[in-house]
Amino acid sequence: MNIHLPRADVTERTLAIVGELKRLEGPLIPILHEIQDEFGYVPEESLPVIAQELNLSRAEVYGVVTFYHDFREHPAGRHVLKLCRAEACQSMGGDRLAERAKALLGIDFHETTPDGAVTLEPVYCLGLCSCSPSAMLDGELHARLDEAVLDALVAEARQ
C-alpha cells in the first residue's frame, strides 16, 4: 500500500487495475476494493479514470464510494479500530464503549489520531450479535468487549 504516489502514478495504476477487472460482471465494486487495497483509500484522482473506463459518470462512481462505509476517501491510520454500532451491541453497552474509545484516542468516528496511529470507524454489524458488544482491530474480531478489553485494544493500536 503506497499512499504517497504522484498523481500520474495513481492514474497509471488505476488504469492497470481497471484493465484487469473491467470484464467482470458488475466490475465497479471489485475495482474500488482493489484500488483501496493498493493505495489504502480510493484517491480522488482515480474516480474520473474509473468512470471513463466503465462508461459511467463521475457522480455514479463517487456515489458508490460514499455509499459504502468500507471505502475511504482519505488514508487510514496504521491501525483501524472498528466498533460495532448495531442494535445488539448498543443494547449491551456499545454506546458507552464507543464514547470511551473516542475519549482514549481523542478523536471521533471517521477520524485518525494526529500521529497517524489509529483510525476509528463505526461498523454496522460484525455478525457477533450473541457475543456483543464487538469490535475489529486490523481485521481481527473481538467479542464481549468491556472497558478492560477496549483499553487493551487501544493500547495495542497506539504502539
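Naming follows an unreviewed UniProt entry, where the protein chain appears as Formate dehydrogenase subunit gamma of Sinorhizobium medicae. According to UniProt, the comment filed for the protein chain under the heading Sequence similarities (unreviewed entry) is "Belongs to the complex I 24 kDa subunit family."

*Asks:* Can you tell me about the overall build of the protein chain, naming the residues and giving the values?
*Replies:* For the protein chain, the helix and strand inventory stands at seven helices and five strands. Start at the N end of the protein chain and walk to the C end: the helices and strands fall as α-α-α-α-β-α-α-β-β-β-β-α. Summarising its shape, the C-alpha atoms of the protein chain cover approximately 50 × 30 × 20 Å along the three principal directions. Taken across its 159 residues, the protein chain has 43% of its residues classed as buried. As displayed, the protein chain has an accessible area near 8900 Å², and 50% of this comes from carbon and sulfur atoms. Each charge class in the protein chain was averaged separately, 14 positive and 26 negative side chains, and the resulting centres sit 1 Å apart.

*Asks:* So, helix α2 (residues 28–39): which residues are in play, and what are the values?
*Replies:* Between its first and last C-alpha atoms α2 spans 16 Å; for twelve residues at 1.5 Å apiece the expected length is 16 Å, and the two agree. Of the residues making up α2, those classed as buried are Leu 28, Ile 31, Leu 32, Ile 35, Gln 36 and Phe 39. Viewed along the axis of α2, the buried residues span an arc of 135°, placing them on a single side of the element. Gly 40 sits one or two positions beyond α2 and adopts a positive phi of about 90°.

*Asks:* Requested: an account of the domain arrangement of the protein chain, with residues and values cited.
*Replies:* Put simply, an interface is often sized by how much accessible area is lost when its parts join up. We note that the domain assignment places domain 1 (7–67) and domain 2 (79–158) within the protein chain. Once you take the C-alpha centre of each, domain 1 and domain 2 turn out to be 29 Å apart.

*Asks:* Tell me about helix α6 (residues 94–105), and name the residues and values.
*Replies:* In this model α6 runs 16 Å from its N-terminal to its C-terminal C-alpha over twelve residues, within 8% of the 16 Å that 1.5 Å per residue would give. Those residues of α6 that fall on the buried side of the exposure criterion are Gly 94, Leu 97, Ala 98, Ala 101, Lys 102 and Leu 105. One side of α6 holds all its buried residues, which, seen down the axis, span an arc of 140°. Summarising the contacts, the buried residues of α6 are in contact with β1 (79–84), α5 (87–91), β3 (118–123) and α7 (147–158). A positive phi of about 70° marks Gly 106, the residue just after α6.

*Asks:* I'd like a description of the pairing of β1, backed by residues and values.
*Replies:* Of all six residues in β1, six are buried, a share of seventy percent or more. The alternating pattern of β1 places His 79, Leu 81 and Leu 83 on one face and Val 80, Lys 82 and Cys 84 on the opposite face, and all of these are buried. Here β1 runs beside β3; their pairing, made up of six bridges, is parallel. Across the sheet, the residue bridging to Leu 81 is Leu 120, located in β3. Note: β1 against strand β4 (residues 135–137), three bridges, orientation antiparallel. What sits directly across from Leu 81, in β4, is Leu 137.

Thresholds, definitions, all that
- Residues numbered from 1 in each chain as written.
- Predicted model: local features only at pLDDT ≥ 70, side-chain atom pairs only at ≥ 80, totals over all residues.
- Heavy atoms only, no water.
- UniProt positions renumbered as here; feature names shortened; annotations may be inferred.
- Helix = DSSP H or I, 4+ residues; strand = E, 2+ residues; numbered from the N terminus.
- Buried < 20%, exposed > 50% of the residue type's maximum accessible area, 1.4 Å probe, protein only.
- Areas by Shrake-Rupley, 256 points an atom, 1.4 Å probe, with all protein chains shown as cover.
- Lys, Arg positive; Asp, Glu negative; His and termini not counted.
- Charge placed at Lys NZ, Arg CZ, Asp CG, Glu CD.
- Expected span 1.5 Å × (residues − 1).
- Arc of directions from axis to C-beta.
- Domains from an automatic or database assignment.
- Contact = heavy atoms within 4.5 Å.
- Pairing = 2+ DSSP bridges.

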